[in-house]
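# Commentary on secondary and tertiary structure
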Amino acid sequence: MIHYNPKDWFTFIFHIHKGDTFRKLWPLMISISIFSAFVAFLELNVFKLSKSDYVSNIGMMHSLLGFVISMLLVFRTNTSYDRWWEGRRLLGALTNVSRNFAMKIKALNLPDEEIRFFEYGIPKYAFALKEHLREKKYFGKNSFLIEVEESKHIPNQIASSMISRLYELTRKGYISQEQLIVLTNDVNQFTDICGGCERIKNTPIPFSYSVFIKKFIFIYVLTIPIGWVFSLGYYLVLIVPFILYVLASLELIAEEIEDPFGYDPNDLPVDQISNNIEKHIEEILN
Amino acid sequence: MIHYNPKDWFTFIFHIHKGDTFRKLWPLMISISIFSAFVAFLELNVFKLSKSDYVSNIGMMHSLLGFVISMLLVFRTNTSYDRWWEGRRLLGALTNVSRNFAMKIKALNLPDEEIRFFEYGIPKYAFALKEHLREKKYFGKNSFLIEVEESKHIPNQIASSMISRLYELTRKGYISQEQLIVLTNDVNQFTDICGGCERIKNTPIPFSYSVFIKKFIFIYVLTIPIGWVFSLGYYLVLIVPFILYVLASLELIAEEIEDPFGYDPNDLPVDQISNNIEKHIEEILN
Amino acid sequence: MIHYNPKDWFTFIFHIHKGDTFRKLWPLMISISIFSAFVAFLELNVFKLSKSDYVSNIGMMHSLLGFVISMLLVFRTNTSYDRWWEGRRLLGALTNVSRNFAMKIKALNLPDEEIRFFEYGIPKYAFALKEHLREKKYFGKNSFLIEVEESKHIPNQIASSMISRLYELTRKGYISQEQLIVLTNDVNQFTDICGGCERIKNTPIPFSYSVFIKKFIFIYVLTIPIGWVFSLGYYLVLIVPFILYVLASLELIAEEIEDPFGYDPNDLPVDQISNNIEKHIEEILN
Amino acid sequence: MIHYNPKDWFTFIFHIHKGDTFRKLWPLMISISIFSAFVAFLELNVFKLSKSDYVSNIGMMHSLLGFVISMLLVFRTNTSYDRWWEGRRLLGALTNVSRNFAMKIKALNLPDEEIRFFEYGIPKYAFALKEHLREKKYFGKNSFLIEVEESKHIPNQIASSMISRLYELTRKGYISQEQLIVLTNDVNQFTDICGGCERIKNTPIPFSYSVFIKKFIFIYVLTIPIGWVFSLGYYLVLIVPFILYVLASLELIAEEIEDPFGYDPNDLPVDQISNNIEKHIEEILN
Amino acid sequence: MIHYNPKDWFTFIFHIHKGDTFRKLWPLMISISIFSAFVAFLELNVFKLSKSDYVSNIGMMHSLLGFVISMLLVFRTNTSYDRWWEGRRLLGALTNVSRNFAMKIKALNLPDEEIRFFEYGIPKYAFALKEHLREKKYFGKNSFLIEVEESKHIPNQIASSMISRLYELTRKGYISQEQLIVLTNDVNQFTDICGGCERIKNTPIPFSYSVFIKKFIFIYVLTIPIGWVFSLGYYLVLIVPFILYVLASLELIAEEIEDPFGYDPNDLPVDQISNNIEKHIEEILN
């Protein structure tokens, strides 16, 4: 994630930042610009069509469908943003649960070795989840405390060994039955958060919408020059790329933030959140 | 569900995929194209109406109602997507609850035969629910562990036998009263998820909306050529089908994802989710 | 509720079903058609106004307010649909809670007579709620098990006698304190669901919106012919009723589904849900 | 709150009800009508500007900003309605919690005097909350049972004395530890509901939006006559007030329902809800 | 936060308040006004372009993209408002939890010194959170009761010492195991609220949207004069700044309320809420 000051308009407008869709779109914008020039040349200079020709009214279609395309893009923007924000919410919940769980572990007056176990296990879950969502394997430092098998679901193994430890401590009398309910519930929340993140990661918006929006933008923008050439002449080479920039940017940003756990500039600060969890757990349990 | 890379624009635009609404709509698009040609022929060549005729202004109605139709389609899109996403959420919750339940069963140090019972029962619930939502009956492999009657609600029977087993284990002293609360709550969540899926499956959007949107699109598109013929001439045979494609696609995709548990290309990956549950439960309990 | 196949476009478009707003609107549509003809006659034949007259530009107002009216109708549609869907959600929750409660009752190994009590009481609550929402009194078959007074809130009496029975069974030692919490919570959910349904039923959208939308549609549609007559002539007699049909249908459907517990064709399948609860409870407890 | 039949269109359209925004807006509508006449007189008769003058195109700005103003009003409408509905939800929750709490109190077989205490205390909370939200003090009938100090937060005092009573009854052995958790949780919900209502009451939408929307509507409507006079002449004196009526009504209704606990005609039926709670609690505990 | 009477239209419209975006935008508005005059001078007086020139139709682009820009601004407005309202909700929850926790502490009949500890600790949490969200350190009055280290997360330390105290009191026999669950849960909610506020504070909307909206508004407004000059002449110097005012205000207000815990005029009344918590806790525990 890029940290920025949202009130600094000047650099926003004149710089082209890392996350700027302009970087990705300029080849397409130049192509569409050349295409527009070509259409204008054909219609105005080769076929010498005039404003009275039927072709000049094709823009009526673009006006009529202008509502539909903008509403569709807003639908796309809303759903992607909701996923991104839900992802952020889940990572925030991970922070909260980790802290709450650690505070209770601390208050329980467990033997030191047990506290070390959880001081190690809680941030390990966060790191393992992070790598799991990026399709990597995480084993963690001094992994002898919780051993995980590479071929199995790693966050599940960590959660499962924490739960087993809690039950064991209950049998040994360190934790009451009532405490066990509360502590198990916390670990279950780890798994719920993991499931929520997996759901966001594995389920992009339905395939048909993805295809339909792209097809629609493509045909829409490509047919604009045909009708508008009679009103705008060669100015099309500037105007059509700008329209493309606006419409395609919305789709591009939506694609990027839809899976918010990766390395894209707009993705969530997953690394920073994991590091914070590690730092806070250490603060609480030491 | 189709797995795809949402960033691959090229194949999206030029291929016609399995889930593409174009496949379903092309016969209708050709019909409307012929109809448009016929209207154009009638008005331009037979009746020889001119642009000064009142008929040429019928497009005013289409502009005015253009807002309404696009907002209605966005309403339709939003509600269908919400159901689809709620369905995904419920299946994700099924995964989470299954894992959490299994982790607790593991930590309880039950006799091996009891662990086998739940190792069998938990994924069985997922498979039974899947088939139940597709209106099939599921009995599962080595069904002697949990016997179900075909005439009764199958997921309910599985949940009920898990709950009864938990109470029995409590009476035998393997599970404390406090544990029982937590474990029963997990099985209750299975039933809640089942009820949520049944609700989505059995309740499409109100009949009146469904009728109204279809009637509205149909009349709207069919009357476009009448007024636009004076501005667009025979280009109508390309433009009107494209407008139909845009409007009807939104309704078609909405219809498809509204009941997300079937076999449609955009439906949820129900099979994969059930298999994952089976795999994870085995990983945890073995 | 009407059960239908949402993919069957053909019959949707050409049949006029029971829930179709066209049935209710046709008298109004004919009136507005005659009114439009009258306006056209006055302006074109009596006063012989021409397109250069100021009156012909009144349509500017309709374009400007076109956004507002369509957004308002979408607001109306969204809020009504949300209530309808929340109603469905509450009834779904009733099914879930009934099943979960019954499964736990079964697992408790209570004396047979106690099981009969709940087998009778749970579906009775569903039926009583249904009738309560339709402003009828329900006493149920063999009502001697739970006696209710007609003058008091019937679902409350049933819930209250179930709760009292649970406490009694706890005092007799059949149910542990921990179980009691869980079971009481289930019965409390019955009351929450009842309260939620009562809230939807008793609180239509604020009076001012209801008045304002109706007034707005009425004035909007009635003034359309005044300005459009110069562009559309006597075609108004077809076009204005269609615009009315579109705008008023949205308001009409919204009104119908706003209180979803009645007998309207779009209302929720309350009877079927109650019957299902009875069937499933019997399956579980027998 | 006004009780009404949402299907009775006729009286809605022709009567001017108590909650009708027309009542509040007519002086403003007449002023704007006179202003429009004055602008028309100046431009048409004094300066004798013609349609070819630049001034006549100022309407382009109104078209462009027409989207923005209508979307802004819908944003305003949505947020106000959400607050109103959340308020309704909170009052509904108050009803539910009161009933559930009473049912449990009844089932506990407490000494009669204790039951009297809660029969008095539960509805008292509802009445005290109602008056608290209207910035009045409530002491209630036979207030000796729960004494409240006027200078302190009254609903808090009632809730606190109920909680203290529950703990006392636990120490006396009438209530088990498990019951206490559940009962305390119910009383905590009273406080949560109170906090939720206070939040809605004390936090109108951000000041800047409130100012911005009003300024925007005002300038927007006031500048309409300047450009439209060349198309609509003196018809402006009817059209501009109608546009004002539509735009300002939405803002006015939003203002009214934003704080839904007062005495406005669209406010929630707070009195009736409190009375219902009193009635139902009496039914349950007697 | 500014306290205001939302029904006082007059002062809203004619005063320029502290939170008014006009204060921030007037330099930009004057610049754009001069720029518009310059464009008009160039096109009308230097190049002497006429309405038949292609340049005069550039406004077509602005109409087409008018939908997109207004929907984008509404998306921006909605998401910012949601964050603001979620922030308010969290602070409201802080009030509720503080009160509920205090009521239970009171009912527990703890030794006086313990009550003093919580009477001190609960409001301290609120103040510490407030300062934490404003990136300040808070130590509080007579801080010897709960000692915090400056270098660590301060609210966490307060929560942790409250939890440890509760466990200690349980070990000493003042609090039962069941009570401990409930009380710990309350303190955990403090941490959840803190995490929620941190999430809102640290995660502005994705960088790409922020850049894109600003770039879009900037280019959109700057190109308006080029095409509109032929219709509006030098009136542009008034109209273009007004359009800028409308579009940029929405972005500016959204920026301001996005992080609602600061000192901006539209930010939440964080100080007042903390003071109220202190006052109410004192009322309850004294």
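So, how was this worked out
Residues numbered from 1 in each chain as written. Chains lettered and ligands numbered in written order. Predicted model: local features only at pLDDT ≥ 70, side-chain atom pairs only at ≥ 80, totals over all residues. Heavy atoms only, no water. UniProt positions renumbered as here; feature names shortened; annotations may be inferred. Helix = DSSP H or I, 4+ residues; strand = E, 2+ residues; numbered from the N terminus. Expected span 1.5 Å × (residues − 1). Bend = angle between axes of the 7 residues up to and from the residue. Buried < 20%, exposed > 50% of the residue type's maximum accessible area, 1.4 Å probe, protein only. Contact = heavy atoms within 4.5 Å. Patch = residues over 30% accessible without salt bridge, like charges linked within 9 Å, V, L, I, M, F, W, Y side chains within 5 Å. Areas by Shrake-Rupley, 256 points an atom, 1.4 Å probe, with all protein chains shown as cover. Salt bridge = Lys/Arg side-chain N within 4 Å of Asp/Glu carboxyl O. Lys, Arg positive; Asp, Glu negative; His and termini not counted. Charge placed at Lys NZ, Arg CZ, Asp CG, Glu CD. Axes fitted to C-alpha atoms, helices over the stretch in contact; angles between N-to-C directions. Left-handed = near helix turned anticlockwise from the far one by under 90°. Nonpolar A, V, L, I, M, F, W, Y, C, P; charged D, E, K, R; others polar. Phe/Tyr/Trp six-rings, centres within 6.5 Å; stacked < 30°, edge-to-face > 60°. Lys NZ or Arg CZ within 6 Å of the ring centre and 35° of its normal. Buried area = accessible area lost by both parts, 1.4 Å probe. Polar contact = N/O pair within 3.5 Å; in protein donor to acceptor, adjacent residues only side chain to side chain. Least-squares fit on C-alpha atoms with pLDDT ≥ 70 in both. Parallel < 35°, antiparallel > 145°, perpendicular 65-115°, else oblique.

Moving on, we come to the UniProt feature "transmembrane region" (unreviewed entry) in chain A. Residues and elements named next belong to chain A. In the numbering used here, UniProt assigns the feature "transmembrane region" (unreviewed entry) to residues 25–42, 54–75 and 209–228. With 100% helix and 0% strand, residues 25–42 has its two end C-alpha atoms placed 26 Å apart. With 100% helix and 0% strand, residues 209–228 has end C-alpha atoms that lie 28 Å from one another.

Residue and element names in this part refer to chain A. Taking 1.5 Å per residue, 26 residues should reach 38 Å; helix α7 (residues 207–232) reaches 36 Å between its end C-alpha atoms and fits that length. Of all the bends found along α7, the most pronounced is centred on Ile-226 and spans about 40°. In terms of burial, α7 is a largely internal element, 22 of the 26 residues being buried. At the exit of α7 stands Gly-233, carrying a positive phi of roughly 55°.

Moving on to the arrangement of the chains. At the level of C-alpha atoms, the two units chain B and chain E stay apart, their nearest approach being 11 Å. The two partners chain C and chain E share no contact, and the minimum distance between any of their C-alpha atoms is 11 Å.

Side chains of Asp-82 of chain A, Asp-82 of chain B, Asp-82 of chain C, Asp-82 of chain D together with Asp-82 of chain E sit close together on the surface and give a patch of like negative charge. In this fold, Asp-82 of chain C is placed in helix α3 (residues 59–107). Residue Asp-82 of chain C is classed as partly exposed on the basis of its relative accessible area, which comes to 48%.

So, on to the packing of helix α2 (residues 21–46) of chain E against helix α8 (residues 236–258) of chain E. All names here are of chain E. Where α2 meets α8, the closest approach of the two axes is 8 Å, and the angle between their N-to-C directions is 145°. Viewed along their axes, α2 and α8 form a crossing whose handedness is right-handed. Residues Thr-21, Phe-22, Lys-24, Leu-25, Leu-28, Met-29, Ile-32, Ser-33, Ser-36 and Ala-37 of α2 form the contact with α8, whose participating residues are Leu-236, Val-237, Val-240, Pro-241, Leu-244, Tyr-245, Ala-248, Ser-249, Leu-252, Ile-253 and Glu-256. Considered class by class, the residues forming the contact of α2 with α8 number 15 nonpolar, four polar and two charged.

Applying the stated rule across the entire model yields 80 aromatic pairs over all chains. Taken together, the aromatic side chains of Phe-22, Phe-242 and Tyr-245 of chain A together with Phe-212, Phe-216 and Tyr-220 of chain E make up a single cluster linked through ring pairs. Cation over ring: Arg-134 of chain D sits above Tyr-263 of chain D, and NZ or CZ is 4.1 Å from the ring centre.

Once that is clear, we can look at the interface of chain A and chain E. Listed as interface residues are 67 residues of chain A and, on the opposing side, 64 residues of chain E. Summing both sides of the interface, chain A and chain E together bury roughly 6300 Å²; the carbon and sulfur share of this comes to 69%. Seen at the junction of chain A and chain E, the total is two salt bridges. Residue Glu-86 of chain E pairs with Arg-89 of chain A through a salt bridge whose shortest N-O separation is 3.4 Å. Applying the counting criterion to the chain A and chain E interface returns 16 residue pairs in polar contact (both at pLDDT 80 or more). Elements with a minimum of two residues in the side of chain A that touches chain E: α1 (9–14), α3 (59–107), α6 (177–202), α7, α8 (236–258) and α9 (270–285) of chain A. Here the side of chain A that touches chain E gets 21 residues from one element, more than from any other, and that element is α3 of chain A. Residues of the side of chain A that touches chain E, tallied by class, amount to 38 nonpolar, 20 polar and nine charged.

By a simple turn and slide, chain D fits onto chain E: the slide is 0.0 Å along the axis, the RMSD is 0.0 Å, and the turn is 72°. On the angle and the small slide along the axis, the relation comes out as a five-fold axis. A low fraction, 5%, of the interface residues of chain D reappear at the interface in chain E, so the copies pair through non-equivalent surfaces.

Each of the two chain copies can be generated from the other by rotation about an axis followed by a shift along it. Relative to chain E, chain A is turned by 72° and slid 0.0 Å along the rotation axis, the superposed coordinates differing by an RMSD of 0.0 Å. Little of the interface of chain A is mirrored in chain E, where only 4% of its interface residues are also at the interface.

All names here are of chain B. As for its placement among the helices and strands, Lys-130 is situated in helix α4 (residues 112–133). In this structure Lys-130 comes out as buried when scored by relative accessible area, which is 9%. Distance in space between the C-alpha atoms of Lys-130 and Asn-188 is 17 Å, their sequence separation being 58 residues. Apart from residues lying up to four places away in sequence, Lys-130 is in contact with Val-270, Asp-271 and Ser-274. Among the polar contacts made by the side chain of Lys-130, one reaches the side chain of Asp-271 at a distance of 2.9 Å.

Contact geometry of helix α5 (residues 154–171) of chain C with helix α3 (residues 59–107) of chain D gives a least axis separation of 9 Å together with a crossing angle of 40°. Regarding the angle of α5 of chain C to α3 of chain D, the classification is oblique. Relative to α3 of chain D, α5 of chain C is oriented so that their crossing is right-handed. When α5 of chain C is examined against α3 of chain D, the residues Asn-156, Ala-159, Ser-160, Ile-163, Ser-164, Tyr-167 and Arg-171 of chain C are found in contact with a partner set consisting of Arg-99, Met-103, Lys-104, Lys-106 and Ala-107 of chain D. Partitioned by chemical class, the residues of the contact of α5 of chain C with α3 of chain D number five nonpolar, three polar and four charged.

Each partner contributes residues to the interface: chain D has 63 residues there, and chain E has 66 residues. At the boundary of chain D with chain E, total buried surface from both sides reaches about 6300 Å², with 69% on carbon and sulfur atoms. Inspection of the region where chain D meets chain E yields two salt bridges. Linking chain D to chain E there are 16 residue pairs in polar contact (both at pLDDT 80 or more). It is helix α6 (residues 177–202) of chain D that contributes the most residues to the side of chain D that touches chain E, 15 residues altogether.

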